[in-house]
Amino acid sequence: MTSSALLANSILPDVTGWRLLMFERVLPIMLWILAAVLANRFVNWFSARVTMRIDAQFKNSDSLVRSESAKHQHALIQVISWVAIAAIYLFAAYQIVKALGVPINALVAPATVIGAALGFGAQRVVQDLLAGFFLITERQYGFGDVVNLSLTGGSEAEGTVSDVTLRVTKLRNTDGEVITVPNGQIVKATNLSKDWARAVVDIPLPKTVDMGKVNTLLHRVGERAYHDPKMSTLLLDEPTLMGIESIDLDRVNLRMVARTLPGKQFEVGRNLRERIVRSLATAGIDVAPVTDTVEDEEEVTPQ
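Right, let's walk through the structure included here. Bear in mind that the values here come from a model prediction, so they are computed numbers and not experimental data. (Residues numbered from 1 in each chain as written. Predicted model: local features only at pLDDT ≥ 70, side-chain atom pairs only at ≥ 80, totals over all residues. Heavy atoms only, no water.)

1. Here we look at the overall build of the protein chain
- The helix and strand inventory of the protein chain stands at 9 helices and 8 strands.
- Residues classed as buried in the protein chain amount to 31% of the 303 residues present.
- Excluding contacts between residues fewer than 6 apart, the proportion of contacts in the protein chain whose partners are at least 24 apart in sequence is 64%.
- For the protein chain, the exposed area adds up to about 19600 Å²; of that, 60% sits on carbon and sulfur atoms. (Helix = DSSP H or I, 4+ residues; strand = E, 2+ residues; numbered from the N terminus. Buried < 20%, exposed > 50% of the residue type's maximum accessible area, 1.4 Å probe, protein only. Contact = heavy atoms within 4.5 Å. Areas by Shrake-Rupley, 256 points an atom, 1.4 Å probe, with all protein chains shown as cover.)

Below, the structure written as structure tokens:
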């Protein structure tokens, strides 16, 4: 054999070696990547179908608000799909490493070191996952609930729950902004739309007002609101006048409360305020003006 032939054999790989590399390494890796992508899409498709079915049952029913079971099912589907996708990619990554011929036993020691490092560095992630697990299992709130979340550091987040996973909760506030809150930072969760809600309306009035006349007018407002076809679907019982809630120097504050469907307290409160103002104006009773106290300029100016 000539020197040129020996050089060609040493440089060009054997065709059999290329075939073994293709069928034992490259092809299995490509198949596992494709399988992971398809499984991911299937999980997303299945989750969307189940969510659409839950939403369709709500839209086709006579209920004005979602039931607590529907809220929990909606949140549970999102969590299960999130966990399934994470498990799919972890399993695919394991199979790809195995297909590359890397001995798994050799990765035990490095994995232990990496796991210990992640254990110290990812404590907040683990805290978020544990908090999300208990949040879902205890049904503290679900998709569509109106919540007020007290966070670490004294800040708050309020809005409608649009997404719940094991790690984060997403809220959409009244301005349309989406607020993402890690579950581990939630100190207190106030659910404003669980089972039923309460609309609270405070009416400031002058101290010289005829309380008997006002009480009669407000009782009549509550009766008319309860028997109104539109309001009766939102109210669970007739609005109740609680009487004088507080007394200031120049006015008294009366309070009216009404039990409503979950999440409908804001709509009911606005409707009651409109009815109260219109009724008092018709009777010639003025609502007491709210005066804000302004500090002296010398007191607020830093020395």
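Additional details are given in the paragraphs that follow.
2. Details of the packing of aromatic side chains
- Scanning the entire structure with this criterion turns up 4 aromatic pairs.
- Seen in terms of ring centroids, Trp 32 and Phe 91 are 5.6 Å apart; in terms of plane orientation they differ by 80°. Their pairing is edge-to-face. Here Trp 32, found in helix H2 (residues 15-60), pairs with Phe 91, found in helix H3 (residues 68-99); they are 59 residues apart in sequence, far enough to count as distant.
- Here Trp 32 falls in the partly exposed class, since its relative accessible area comes to 29%.
- Taking the relative accessible area as the measure of exposure, Phe 91 reaches 45% and is therefore partly exposed.
- With a centroid separation of 5.4 Å and an interplanar angle of 75°, the aromatic rings of Phe 133 and Phe 134 are classed as edge-to-face.
- The class of Phe 133 is partly exposed, set by a relative accessible area of 43%.
- Owing to a relative accessible area of 42%, Phe 134 belongs among the partly exposed residues under this scheme.
- Every member of this aromatic cluster is reached through a ring pair, and the members are Phe 42, Trp 45 and Phe 46.
- The positively charged end of Arg 259 is found above the aromatic ring belonging to Trp 196, 5.1 Å away from the centroid. (Phe/Tyr/Trp six-rings, centres within 6.5 Å; stacked < 30°, edge-to-face > 60°. Lys NZ or Arg CZ within 6 Å of the ring centre and 35° of its normal.)

3. Focus on the pattern of salt bridges
- Across all of its chains, the model carries 5 salt bridges by this definition.
- The shortest N-O distance in the salt bridge between Arg 259 and Asp 237 comes to 3.0 Å. Remark: Asp 237 occurs in the loop between helix H7 (229-232) and strand S7 (240-247) and Arg 259 occurs in strand S8 (residues 251-260); sequence separation between them is 22 residues.
- Residue Glu 274 pairs with Arg 278 through a salt bridge whose shortest N-O separation is 3.3 Å. Of this pair, Glu 274 and Arg 278 both sit in helix H8 (residues 265-282), 4 residues apart, which is roughly one turn of the helix.
- A network of salt bridges, in which partner residues are shared, links Asp 202, Glu 245 and Arg 255. (Salt bridge = Lys/Arg side-chain N within 4 Å of Asp/Glu carboxyl O.)

4. Points about H8
- Along its 18 residues, H8 runs 26 Å from first to last C-alpha, staying within 8% of the 26 Å computed at 1.5 Å per residue.
- Taken together, the buried positions of H8 are occupied by Gln 265, Val 268, Gly 269, Asn 271, Leu 272, Arg 275, Ile 276, Ser 279 and Leu 280. For H8, the arc enclosing every buried residue in end-on projection is 165°, short of the 170-degree limit, so these residues lie on one face. Along H8, exposed side chains directed more than 90 degrees from the buried face belong to Arg 270, Ala 281 and Thr 282.
- Buried residues along H8 sit in contact with strand S6 (197-206), helix H6 (211-227), H7 and S8. (Expected span 1.5 Å × (residues − 1). Arc of directions from axis to C-beta.)

5. Here's the deal with the side chain of Ser 279
- Within the secondary structure, Ser 279 sits in helix H8.
- Exposure remark for Ser 279: the relative accessible area of 19% places this residue in the buried category.

6. A short note on the nonpolar core
- Residues Ile 203, Leu 205, Leu 218, Leu 254, Val 268 and Ile 276 are the most contacted members of the largest nonpolar core, which totals 23 residues.
- For this core, the secondary structure elements donating two or more residues are S6, H6, S8 and H8.
- Of the residues forming this core, the biggest block, 5 residues, is contributed by H6.
- Those residues within four positions of Val 268 in sequence are excluded, and the remaining contacts are Ala 199, Met 231, Leu 234, Leu 235, Ala 258 and Thr 260.
- Ile 136, Tyr 141, Val 147 and Val 164 belong to the second-largest nonpolar core, a separate cluster that totals 15 residues. (Core = buried A, V, L, I, M, F, W, Y, C linked by side-chain atoms within 4.5 Å.)

7. Examining H6
- When the terminal C-alpha atoms of H6 are compared, their 24 Å separation across 17 residues agrees well with the 24 Å that a helix rising 1.5 Å per residue should span.
- Listed in full, the buried residues belonging to H6 are Val 214, Leu 217, Leu 218, Val 221, Gly 222 and Ala 225. Within H6, the buried residues cover an arc of 140° as seen down the axis, which keeps them to one side. Summarising the geometry of H6, the exposed residues directed more than 90 degrees from the buried face are Arg 224 and His 227.
- Residues of H6 that are buried make contact with S6, H7, S7, S8 and H8.
- At the N-terminal end of H6, a side-chain oxygen is found 3.3 Å from the backbone nitrogen of Gly 212, two or three residues along, and the residue is Asp 210. (Polar contact = N/O pair within 3.5 Å; in protein donor to acceptor, adjacent residues only side chain to side chain.)

8. Details of unusual backbone geometry
- For Arg 139, which is not a glycine, the phi torsion comes out positive at approximately 55°.
- Summarising the element assignment, Arg 139 is placed in the loop between helix H5 (123-137) and strand S1 (146-151).

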